[in-house]
Amino acid sequence: RENCSEKMEEFLKRCFYHSGQYDSEEDFKELGKKIKQHEGPRVSNHLFYLSIPPNIFLDVVKCASKSASSVSGWTRVIVEKPFGRDSESSAALTKGLKQYLTEDQIFRIDHYLGKELVENLSVLRFSNLVFEPLWSRQYIRNVQLIFSEDFGTEGRGGYFDSYGIIRDIMQNHLLQILALFAMETPISLEAEDIRNEKVKVLRSMKPLRLEDVVIGQYKSHTKGGITYPGYTEDKTVPKGSLTPTFAAAALFINNARWDGVPFLMKAGKALHTKQ
Ligand SMILES: NC(=O)C1=CN([C@@H]2O[C@H](COP(=O)(O)OP(=O)(O)OC[C@H]3O[C@@H](n4cnc5c(N)ncnc54)[C@H](OP(=O)(O)O)[C@@H]3O)[C@@H](O)[C@H]2O)C=CC1
Ligand SMILES: O=C1O[C@H](COP(=O)(O)O)[C@@H](O)[C@H](O)[C@H]1O
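This structure is a prediction, so every number in the text was calculated from the model and none was measured. (Residues numbered from 1 in each chain as written. Chains lettered and ligands numbered in written order. Predicted model: local features only at pLDDT ≥ 70, side-chain atom pairs only at ≥ 80, totals over all residues. Heavy atoms only, no water.)

## Here we look at the pairing of strand 2 (residues 75-79)
Consideration 1: Burial analysis of strand 2 places four of its five residues in the buried class, which makes it a mostly covered element.
Consideration 2: One ladder, built from five bridges, connects strand 1 (residues 46-50) with strand 2; its direction is parallel. Looking at strand 2, one finds that tyrosine 49 is bridged to isoleucine 78.
Consideration 3: Note that the unit made of strand 1, helix 3 (residues 57-67) and strand 2 has a crossover that is right-handed.
Consideration 4: Pairing of strand 2 with strand 3 (residues 106-108), which is carried by three bridges, proceeds in the parallel orientation. Following the sheet pairing, valine 77 is matched in strand 3 by isoleucine 106. (Buried < 20%, exposed > 50% of the residue type's maximum accessible area, 1.4 Å probe, protein only. Helix = DSSP H or I, 4+ residues; strand = E, 2+ residues; numbered from the N terminus. Pairing = 2+ DSSP bridges. Right-handed = clockwise from strand over helix to strand, strands pointing away.)

Okay, here's the thing in structure tokens:
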């Protein structure tokens, strides 16, 4: 923490803001030029972090790769979830991105994997002689993965309503944690080796049965004298929407380690606690 303010000044001198249209190659060319001026003759890499809605990913990637790629180092793109609505639209998005980038330039991010607790899960399990032998159906009766928010959509209903809680939270964040929790020891902690072990878990899962799923939607409620609106009372949510804001599901993994152990997933907005 020494010389913090000086270091901050130094850092801020290197930052600049450039405004432009997402689909304008001209604007990206200008951005490319500005970056070049800052870089000078150094070898430098370009990382584009797209914290934008998925429907404009392709426009941005096209312009960025054509007009603002690094000439001396690598160029990479990070995209946020949701990466499509289903496997078809996800494959279409990948195909679209690959017109401009190779697979190793594309990074699909799940910000839950960056949370300390989740990052520590592999260390806790694989480097701990106490836990490792206990991590199986012999000693674990069930596993619960719970996401609970104590606030509703609060104006983000437009995005949320077209995805729902299963696509917003379960299919990505909770499924990633489940796979990380249940996988066998990877050959190394390299991304590819961990990915391969996670895929084995997902392929061992029993297809989800309708009777193992519960969905719901939050209503208006009053707490501490304040009345909070129900989901369909949010102005950004279409009238009469049936999109689930809560879901619970029991998942099963058909392998020697986890046979018969239910993995209980629950996710909901506007519940009584944040957990
Ligand atoms: N908010 C969250 O909790 C989480 C969000 N994500 C993902 O992160 C990304 C960003 O999320 P969030 O910040 O909530 O999203 P926003 O809806 O706030 O959009 C982010 C920016 O994208 C631009 N934008 C939005 N709609 C359009 C449009 N139709 N055409 C052009 N530009 C548009 C806006 O830029 P401008 O101001 O210049 O118009 C806006 O500031 C999304 O992919 C989202 O799914 C992932 C996990 C959590
Ligand atoms: O991905 C999402 O996560 C946020 C919650 O993120 P957190 O880091 O604050 O726990 C959630 O509110 C949002 O609906 C979802 O898109």
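## Considerations on the sheet that holds strand 5 (residues 213-216)
Consideration 1: If you walk across this open sheet you meet the four strands as 4-9-8-5, and the pairing is mixed. Either end of the sheet is taken by a strand with one partner, and the two such strands are strand 4 (143-148) and strand 5. Here the average twist between neighbouring strands, direction ignored, is 5 degrees.
Consideration 2: Bridge analysis of strand 4 against strand 9 (residues 263-268) gives six bridges, and the strand direction is parallel. In the strand pairing of strand 9, leucine 145 is matched with methionine 265.
Consideration 3: Of the strands in this sheet, strand 4, strand 5, strand 8 (246-251) and strand 9 touch helix 7 (residues 164-182), which is tilted by about 145 degrees from strand 9. (Axes fitted to C-alpha atoms, helices over the stretch in contact; angles between N-to-C directions. Contact = heavy atoms within 4.5 Å.)

## Quick notes on the site of ligand 2
Consideration 1: As a matter of local geometry, ligand 2 sits amid Lys81, His111, Tyr112, Lys115, Glu149, Arg156, Tyr159, Asp168, Ile169, His173 and Lys269.
Consideration 2: Aspartate 168 is positioned such that a nitrogen or oxygen atom in its side chain is 2.6 Å from an oxygen atom of ligand 2.
Consideration 3: Computed on the free molecule, ligand 2 has an accessible area of 390 Å², of which 77% lies beneath the protein chains in the complex.
Consideration 4: Top element by residues in the shell around ligand 2 is helix 7. It accounts for three residues. (Near = heavy atom within 4 Å. Polar contact = N/O pair within 3.5 Å; in protein donor to acceptor, adjacent residues only side chain to side chain. Areas by Shrake-Rupley, 256 points an atom, 1.4 Å probe, with all protein chains shown as cover.)

## With respect to the packing of aromatic side chains
Consideration 1: With the rule as written, the count across this model stands at nine aromatic pairs.
Consideration 2: With centroids separated by 6.0 Å and ring planes inclined at 75 degrees, the aromatic side chains of phenylalanine 160 and tyrosine 231 adopt a geometry described as edge-to-face. Placement of phenylalanine 160 in helix 6 (residues 157-161) and of tyrosine 231 in the loop between strand 7 (226-228) and strand 8 is noted, with a sequence separation of 71 residues between them. The exposure classification of phenylalanine 160 matches that of tyrosine 231, with both residues buried.
Consideration 3: The side chain of arginine 76 reaches across the aromatic face of tryptophan 74, ending 3.9 Å from its centre. (Phe/Tyr/Trp six-rings, centres within 6.5 Å; stacked < 30°, edge-to-face > 60°. Lys NZ or Arg CZ within 6 Å of the ring centre and 35° of its normal.)

## Brief notes about the sheet that holds strand 2
Consideration 1: Spatially, three strands are ordered 1-2-3 in an open sheet, and the strand pairing comes out parallel. The open sheet has two edge strands with one neighbour each: strand 1 and strand 3. Within the sheet, the average angular offset between the axes of one strand and its neighbour, ignoring direction, is 20 degrees.
Consideration 2: Sitting on the sheet, helix 3 is in contact with strand 1 and strand 2, with an inclination near 165 degrees to strand 1.

## Observations regarding helix 8 (residues 191-203)
Consideration 1: Relative to the 18 Å expected for 13 residues at 1.5 Å per residue, helix 8 spans 18 Å between its end C-alpha atoms, a close match to the ideal helical length.
Consideration 2: Taken together, the buried positions of helix 8 are occupied by Ile194, Glu197, Lys198 and Val201. Taken around the axis of helix 8, the buried residues stretch over an arc of 100 degrees, which confines them to a single face. Residues Glu192 and Arg203 are exposed on helix 8 and point more than 90 degrees away from its buried face.
Consideration 3: Structurally, helix 8 contributes buried residues whose contacts are with helix 7. (Expected span 1.5 Å × (residues − 1). Arc of directions from axis to C-beta.)

## Let's talk about the side chain of lysine 81
Consideration 1: With respect to the helices and strands, lysine 81 occurs in the loop between strand 2 and helix 4 (87-97).
Consideration 2: At 2.8 Å, the side chain of lysine 81 forms a polar contact with the backbone oxygen of aspartate 168.
Consideration 3: Setting aside its immediate chain neighbours within four residues, lysine 81 contacts Ile109, Tyr159, Asp168, Asn172 and His173.

## Some points on the site of ligand 1
Consideration 1: Taken together, Tyr22, Ser51, Ile52, Pro53, Ile56, Glu80, Lys81, Pro82, His111, Arg156 and Tyr159 make up the full set of residues near ligand 1.
Consideration 2: Contact between ligand 1 and tyrosine 22: an oxygen atom at 3.1 Å from a side-chain N or O atom of the residue.
Consideration 3: Note that an oxygen atom of ligand 1 is positioned 2.8 Å from one of the backbone N or O atoms of isoleucine 52.
Consideration 4: Protein coverage of the free-state accessible area of ligand 1, which is 860 Å², stands at 49%.
Consideration 5: Of the residues assigned to the shell around ligand 1, the class counts are six nonpolar, two polar and three charged. (Nonpolar A, V, L, I, M, F, W, Y, C, P; charged D, E, K, R; others polar.)

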